[in-house]
Amino acid sequence: MINIFEVYETNKMIEQEQLDVRTITMGISLLDCADADLDTVNRNIYDKITRSAKDLVSVGREIEREYGIPIVNKRISVTPIALVGGRACTCPEDFVTIAKTLDEAAKATGVNFLGGYSALVSKGMTTADEHLIRSIPLALSSTERVCSSVNIGSTKTGINMDAVKLMGEMVKETAEATKENSSLGCAKLVVFCNAPDDNPFMAGAFHGVTEGDAVINVGVSGPGVVKRALEGVRGENFEVLCETVKKTAFKVTRVGQLVAQEASDRLGIPFGIVDLSLAPTPSVGDSVAEILEEMGLASVGAPGTTAALALLNDQVKKGGVMASSFVGGLSGAFLPVSEDQGMIDAVNRGALTIEKLEAMTCVCSVGLDMIAIPGTTSAATISGIIADEAAIGMINQKTTAVRLIPVVGKDVGDTVEFGGLLGYAPIQRVNTFGCEAFVNRGGRIPAPIHSFKN
């Protein structure tokens, strides 16, 4: 039974502490849309998405009005398109027609993003996989709402270094293809290791092949709520600190569980998971960096930052799993530099570098996220960064990801504006020592010994 105190507390979190449900994401299987004829594939995809998600946005708005809970985004994720279009697509340009169909379907349903223009190549690439990957720059430069992801490694299979090399090249080409818009296409492109099948957050969402025909996943967020709670326990010991984060995460996740169940019931689509990630925004007071600083750091990036982040991530998960029986996706703390004012400030004051961010990704939810780098950064360097991040995920049995934006025409000291939730970012310095000979070896880095658990 919910009492009046809990209602008041939730209203306070929404009104004063910027609590929101970051996204309701409908996952839709497109496996039954496959066909040998490309026109038929496109028609099947458009019809199924628009039929399945026709009420998604309106239901989200209904729940917002009735419960007073802001639902920032309504999104769709689909089966990795390399699997769906493999029979019909004989070249990268064929896949681009599917990207445009996805974009049209996203606009018709009113969602702000659609994820799943993806390939899963952790052990090897099919011809279809390679065609899709090579189509990404054109696909993202000719669509508005389509997001792309490529999984290039996993703990069970190792790291596909041929795919890593190719993705470094594709990130560069995407930046060039969207240079008139601050290389924004790269903000819609994520390279994963250990990508989850049920992630509701963009740009990495796709509907995994282990999922049913359709599912509702919800991503909650509440950095401001956690920070405000920690303000009340300044100077207390770590036991009190941990309990405070855990209890706050429980309350935040309960809000997400409520929204997820309501959306599931009204749409007649099974509820999947709640992703209890702390996803920041550029708004003041909605920052993961500020949570870490509230714990006692003079600036995020200072010694102790990785330990503080490990504590935060663990307690968020512990509180969340008590609030919902089905927690999944990424779940933890996100570190998207351009979307977190505290992270931006730390970079500007020289406290936070890419190398420190890489260390932090050992214990956070994802990886190097929304980091703007000089447009002159080589494809090999980008591939090297992807390989480093994938290695962290592979060895530590966790999801890691890279979303780098080499902004054409910008260099260290410049700032780039992306707008909206994507915010703005200072261009960060990248280690310029070469790694071409390493990246160009080709083949696969094998799975670690602890992956053999059969």
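Just so you know, these numbers come straight off a predicted model, no measurement behind them.

Draft legend 1. Structural detail: the overall build of the chain. Looking only at helices and strands, one finds 15 helices and 13 strands in the chain. Taken over the C-alpha trace, the chain has a radius of gyration of 21 Å; the compact-globule value for 454 residues is 22 Å, and the two agree within 12%. Seen through its principal axes, the chain has C-alpha atoms that stretch 60 × 55 × 50 Å. Partitioning the contacts of the chain with sequence separation of at least 6, the portion at a separation of at least 24 is 78%. When the accessible surface of the chain is summed, it comes to about 17500 Å², and 51% of that surface belongs to carbon and sulfur atoms. Averaging the locations of the 40 positively and 54 negatively charged side chains of the chain gives two centres separated by 2 Å.

Draft legend 2. Spatial organisation of the pairing of strand E3 (residues 113–120). The buried count for E3 comes to seven of eight residues, which makes it a mostly enclosed element. Bridging between strand E2 (residues 71–78) and E3 involves three bridges; their strand directions are parallel. By the bridge assignment for E3, Ile76 is matched with Leu114. Relative to strand E4 (residues 146–154), E3 runs parallel, the two being bridged by six bridges. Residue pairing across strands places Ala119 opposite Val150, the latter belonging to E4. In this fold, the crossover linking E3 to E4 by way of helix H6 (residues 127–141) has right-handed handedness.

Draft legend 3. Focus on the environment of Ser77. Mapped onto the fold, Ser77 is located in strand E2. Here the alpha-carbon distance between Ser77 and Gln428, two residues 351 residues apart in the chain, equals 31 Å. The residues touching Ser77, leaving out its near neighbours within four places in the chain, are Thr25, Met26, Gly27, Ile28, Gly115, Ala205, Phe206 and His207.

Draft legend 4. Local environment of unusual backbone geometry. Residue Ala203 is reached from Met202 by a cis peptide bond, and omega for that bond is 20 degrees. One non-glycine residue with positive phi stands out, namely Asn194, at about 60 degrees. Phi at Gln397 is positive, roughly 55 degrees, even though this residue is not glycine. Checked against the element boundaries, Gln397 lands in the loop between helix H14 (379–396) and strand E10 (400–407).

Draft legend 5. Geometry of the layout of surface pockets. Reported here for the second largest pocket is a volume of approximately 430 Å³. Around the second largest pocket, the lining is made up of 29 residues, and of these Arg75, Met202, Ala203, Glu339 and Arg403 lie nearest the centre. Of all the elements in the fold, those that place two or more residues in the lining of the second largest pocket are E2, strand E6 (189–193) and E10. For the lining of the second largest pocket, the per-class residue count stands at 17 nonpolar, six polar and six charged.

Draft legend 6. Highlighting the pattern of salt bridges. On inspection of all chains with the given rule, the structure shows 18 salt bridges. Two residues, Lys179 and Glu176, come together in a salt bridge whose shortest N-O distance is 2.9 Å. Residue class for Glu176 comes out partly exposed when judged on its relative accessible area of 40%. Here Glu262 ties to Arg266 by a salt bridge, and the two come within 2.9 Å at their closest N and O atoms. On the criterion of helical spacing, the pair formed by Glu262 and Arg266 is a turn pair, its members being four residues apart in helix H9 (residues 238–267).

Draft legend 7. Representation of the packing of aromatic side chains in the model. Enumeration according to the criterion identifies one aromatic pair in this entry. Judged by centre distance (6.2 Å) and plane angle (85 degrees), the rings of Phe271 and Phe326 are edge-to-face. Pair noted here: Phe271 is in strand E8 (residues 271–275) and Phe326 is in the loop between helix H11 (305–323) and helix H12 (341–348), with a separation of 55 residues, a long-range link. Taking the relative accessible area as the measure of exposure, Phe271 reaches 17% and is therefore buried.

Basis of the calculations
Residues numbered from 1 in each chain as written. Predicted model: local features only at pLDDT ≥ 70, side-chain atom pairs only at ≥ 80, totals over all residues. Heavy atoms only, no water. Helix = DSSP H or I, 4+ residues; strand = E, 2+ residues; numbered from the N terminus. Rg over C-alpha atoms; globule rule 2.2 N^0.38 Å. Contact = heavy atoms within 4.5 Å. Areas by Shrake-Rupley, 256 points an atom, 1.4 Å probe, with all protein chains shown as cover. Lys, Arg positive; Asp, Glu negative; His and termini not counted. Charge placed at Lys NZ, Arg CZ, Asp CG, Glu CD. Buried < 20%, exposed > 50% of the residue type's maximum accessible area, 1.4 Å probe, protein only. Pairing = 2+ DSSP bridges. Right-handed = clockwise from strand over helix to strand, strands pointing away. 1 Å grid on protein atoms, 1.4 Å probe; cavity = no way out; pocket = protein on both sides within 12 Å on 5 of 7 lines; lining within 4 Å. Points joined across faces, edges and corners; volume = space filled by probe spheres on them. Nonpolar A, V, L, I, M, F, W, Y, C, P; charged D, E, K, R; others polar. Salt bridge = Lys/Arg side-chain N within 4 Å of Asp/Glu carboxyl O. Phe/Tyr/Trp six-rings, centres within 6.5 Å; stacked < 30°, edge-to-face > 60°.

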